[in-house]
Amino acid sequence: MTTLTPAALIAPEYIDAHGRPRRIPATTEQWLHTIIQPPLATPSALPPVAIFRGGEAVVVEPALSGAAAWELTSEAGERWSGECQPGETLRLPALPEGYHQLTLTQPALLSRCSLIVAPPRCYEPPALLAGDKLWGCCVQLYTLRSQHNWGIGDFGDLRQMAAEIAQRGGAFIGLNPLHALFPANPEGASPYSPSSRRWLNVLYIDVNSVEDFRLSEAAQAWWQQPDTQQRLAAARDSEYVDYAAVTALKLAGLRLAWRQFRRRSPDEPVMQEFDAFVKAGGQSLLSQALFDALQAHQRAKNPALYGWKSWPEAYQHPDSAAVLAFRIEHSDEVRFYLWLQWLAASQFAACWSVCCAQQMPVGLYRDLAVGVAQDGAETWRERDLYCLQASVGAPPDILGPLGQNWGLPPMDPQILTMRAFTPWIDLLRANMRDCGALRIDHVMALLRLWWIPQHEKAAEGAYVHYPVDALLAILALESQRHRCMVIGEDLGTVPEAIVAKLRDSGVYSYKVLYFEQTATRAFRAPEAWPRQAMAVVTTHDMPTLRGWWQSDDLTLGSRLGLYPDKAILAGLYRERAAAKKALLHTLQQQGALAHRYPLQRGRAPMRRAINRAVHRLVAASNSALLGLQPEEWLDMDRPVNVPGTVDSYPNWRRKLTLSLEAMFTDEGITHLLQEVSHVRQRHP
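In this text, all values refer to a predicted model and were calculated from it rather than measured experimentally.

Evaluated as defined, the whole model comprises 31 aromatic pairs. Centre to centre, the rings of Phe-155 and Phe-348 are 5.7 Å apart; their planes meet at 55°, and the pair counts as tilted. One end of the pair, Phe-155, is in helix H4 (residues 155-167); the other, Phe-348, is in helix H11 (residues 331-357), with 193 residues separating them in the sequence. Residue classification places Phe-155 among the buried residues on the basis of a relative accessible area of 0%. Relative to Trp-548, the ring of Tyr-514 lies with its centre 4.9 Å away and its plane at 5°, an arrangement referred to as stacked. With a gap of 34 residues between them, Tyr-514 in the loop between strand E21 (509-512) and strand E22 (517-519) and Trp-548 in helix H17 (residues 545-549) connect regions that are remote in the sequence. Take Tyr-514: its relative accessible area is 10%, and that puts it in the buried class. Among the aromatic residues, those joined into a cluster by ring pairs are Trp-258, Phe-261, Phe-274, Phe-336, Tyr-337, Trp-339 and Trp-342. Note that Arg-383 overlies the ring of Trp-308, its terminal NZ or CZ placed 3.9 Å from the centroid.

See the structure below:
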């Protein structure tokens, strides 16, 4: 494979949401050519990586100036060798799927190439291959209430929910990204702006289930104190997740448990498991723990010091003498954060075990965010991989006329290729662990990302291309190895260049009811929904069903300044009224709703019957997967997130209105889930 040049990476124009071609600003194009420079490459007769599909001939054309000896080492350790002359095509032995290494040796040059042999498609569970239609629950884990959690949904709640859903015929629990956030800055709560995508959010630890918390006399004494119980009750009863209160409570309890854990003998199995976890995590895990400890230390001295960019210069480089000294002087604190990651991973694995024991066909379904925060642990360690002078987002469209800037630095596609895609491989392996499905947020990023120059508006961006065929091949290989199916969030403007690639690679599409209006008076009929897809009513970035029906999202967006053009807003209201009329007509035509609910002048109250009819409609869809949000069972109206806002709306904080215990003893919800299961089985 050849490395793309900067000119080939930058798209000079794009097709907007109205189908019109748009030229990117000249200043943006010039800026991109400035920052996307070919990386300094070590002289080599081979490309850094070559990718083949299973069954293809493994052929490489070295750029030789003289004779060379070659050696091929398979992933399993088999070796072949020979000689190669200038201009000669090197035809290698057939290789199994996996990662292999080719080495060319010349008197003054040693060249290496990673050979990756990938399957044609991603993994699909046997139940889906057999034609079954599955359903599950898609939940933002932090929104869960329960009698035992500490004011935020946790892995104990997830265990309970998995068992409850399985008993009602559900096949999976879909989750928000569980990526590591910022323990020292708890208000940085967006799961889509993580510190690192390779490690877990330690706030999801179920502290009461930690053995050393129960064994610690100091921890139990703290737990029984009236002040602790009062703070706990306030955090549980809060309408929104109080991240500062929850973090303070959890870290206080876990530090007491850590003191108990340190007293254990090195020979105890749990100590050996912890040490093995740390060893397996390697430099990435150590950097995560070191970053968390350093950030806590810096913010204790100055709360204004958020991420590594604001730290003193000596600490901004992970390999500096100051960082090494900190690691030695604060070794116990660093090991505490290593231990938190071990606890989180162990508890999440226990949730996966519950799904396996319940024989759920998919089980846990994780979510991979499109990027990481500008100044978190991942960019601190991987400085050369990310372009910190840019952020990614989306160009202006109908619902977002200003465009979107997500504040996430893009990976440099050239560095990714030069490193033989190891960052992508490591990322997939971390996120396919202990689950049966992975949702890739903004899957278009495999083909292109909208890069926005630093300090510029979203509309001033441009698309930068990525090596989509290579990324999809590796995705298929890791998917098959982990027996983890892949769902691509492909909403918005989807270029034709990737639609067929995703489908042929076995990546399932993501279909939202709101976007399935096919005519003035009709939504897509259930039998016309694509099979290789997951159907949902709504998502975390969209209004709830009640909110959509009442146009609450438009009213709220107007109040928050998201629709500065009154004419555009008026048009959106008209479109919503027409969409409601079309949906009501489709519900009636499909027999999901009685004809006694006419829609007059674009108005009709949101009734329980309409809610249930919508569930029946999507349950009957032809799509292999159906994801239901508890917000719809509970008929909630407020969204969990309003895209385009930061501080003007309490994003990522709104809890569910009922606890887990109340939800799964509610007769109405039980009947709804039974009906969904029945409809899915009745429409194979």
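If you walk through the whole model with that rule in mind, you get six cavities of 30 Å³ or more. Taken as a whole, the largest cavity holds about 270 Å³ of empty space. Surrounding the largest cavity, 23 residues form its lining, Arg-197, Val-370, Met-411, Trp-424 and Ala-445 being those nearest its centre. Classifying every residue of the lining of the largest cavity gives 19 nonpolar, two polar and two charged. Every residue lining the second largest cavity is counted, 17 residues in all, and those nearest its centre are Cys-138, Gln-140, Tyr-510, His-540 and Gln-629. Mapped by element, the contributors of at least two residues to the lining of the second largest cavity are strand E10 (134-139), strand E11 (172-175) and strand E14 (363-368). The residue inventory of the lining of the second largest cavity, partitioned by class, reads seven nonpolar, seven polar and three charged.

The next subject is the UniProt feature "domain: MalQ N-terminal beta-sandwich" (unreviewed entry) in the chain. Residues annotated by UniProt as "domain: MalQ N-terminal beta-sandwich" (unreviewed entry) correspond here to residues 46-119. Along residues 46-119 the backbone is 0% helical and 54% strand, and the end-to-end C-alpha distance reaches 23 Å.

As a further point, take the packing of helix H19 (residues 566-589) against helix H20 (residues 608-619). Two elements in contact, H19 and H20, have axes whose closest approach is 10 Å; the angle formed by their N-to-C orientations is 70°. The pairing of H19 with H20 is recorded here as roughly perpendicular in orientation. Considering how the two elements wind past one another, H19 and H20 form a crossing that is left-handed. Across the interface between the two elements, Leu-583, Leu-584, Thr-586 and Leu-587 from H19 touch Ile-610, Ala-613, Val-614 and Leu-617 from H20. Among the residues forming the contact of H19 with H20, the class breakdown is seven nonpolar, one polar and no charged.

Further remarks concern the sheet that holds strand E18 (residues 448-453). Overall, antiparallel pairing links the four strands, which are arranged E16-E15-E18-E19 in an open sheet. Each end of this open sheet is capped by a strand with a single partner; those strands are strand E16 (404-408) and strand E19 (462-465). Across the sheet, the mean angle from the axis of one strand to that of its neighbour is 50°, orientation sign disregarded. Running at roughly 100° to E18, helix H2 (residues 26-35) makes contact with strand E15 (390-394), E18 and E19 of the sheet.

This part covers the pattern of salt bridges. Overall, the coordinates contain 32 salt bridges when judged by the stated rule. Between Asp-504 and Arg-503 there is a salt bridge, and its shortest N-O distance comes to 3.7 Å. Among the salt bridges present, the one from Arg-546 reaches Asp-635, with a minimum N-O distance of 2.8 Å. With Arg-546 in helix H17 and Asp-635 in the loop between helix H21 (630-633) and helix H22 (660-663), this pair connects stretches of sequence that are 89 residues apart. Here Asp-635 falls in the partly exposed class, since its relative accessible area comes to 27%. A cluster of three or more residues bridged by salt bridges with shared partners is formed by Glu-211, Asp-212, Arg-264 and Glu-268.

The rules behind the values
Residues numbered from 1 in each chain as written. Predicted model: local features only at pLDDT ≥ 70, side-chain atom pairs only at ≥ 80, totals over all residues. Heavy atoms only, no water. Phe/Tyr/Trp six-rings, centres within 6.5 Å; stacked < 30°, edge-to-face > 60°. Helix = DSSP H or I, 4+ residues; strand = E, 2+ residues; numbered from the N terminus. Buried < 20%, exposed > 50% of the residue type's maximum accessible area, 1.4 Å probe, protein only. Lys NZ or Arg CZ within 6 Å of the ring centre and 35° of its normal. 1 Å grid on protein atoms, 1.4 Å probe; cavity = no way out; pocket = protein on both sides within 12 Å on 5 of 7 lines; lining within 4 Å. Points joined across faces, edges and corners; volume = space filled by probe spheres on them. Nonpolar A, V, L, I, M, F, W, Y, C, P; charged D, E, K, R; others polar. UniProt positions renumbered as here; feature names shortened; annotations may be inferred. Axes fitted to C-alpha atoms, helices over the stretch in contact; angles between N-to-C directions. Parallel < 35°, antiparallel > 145°, perpendicular 65-115°, else oblique. Left-handed = near helix turned anticlockwise from the far one by under 90°. Contact = heavy atoms within 4.5 Å. Pairing = 2+ DSSP bridges. Salt bridge = Lys/Arg side-chain N within 4 Å of Asp/Glu carboxyl O.

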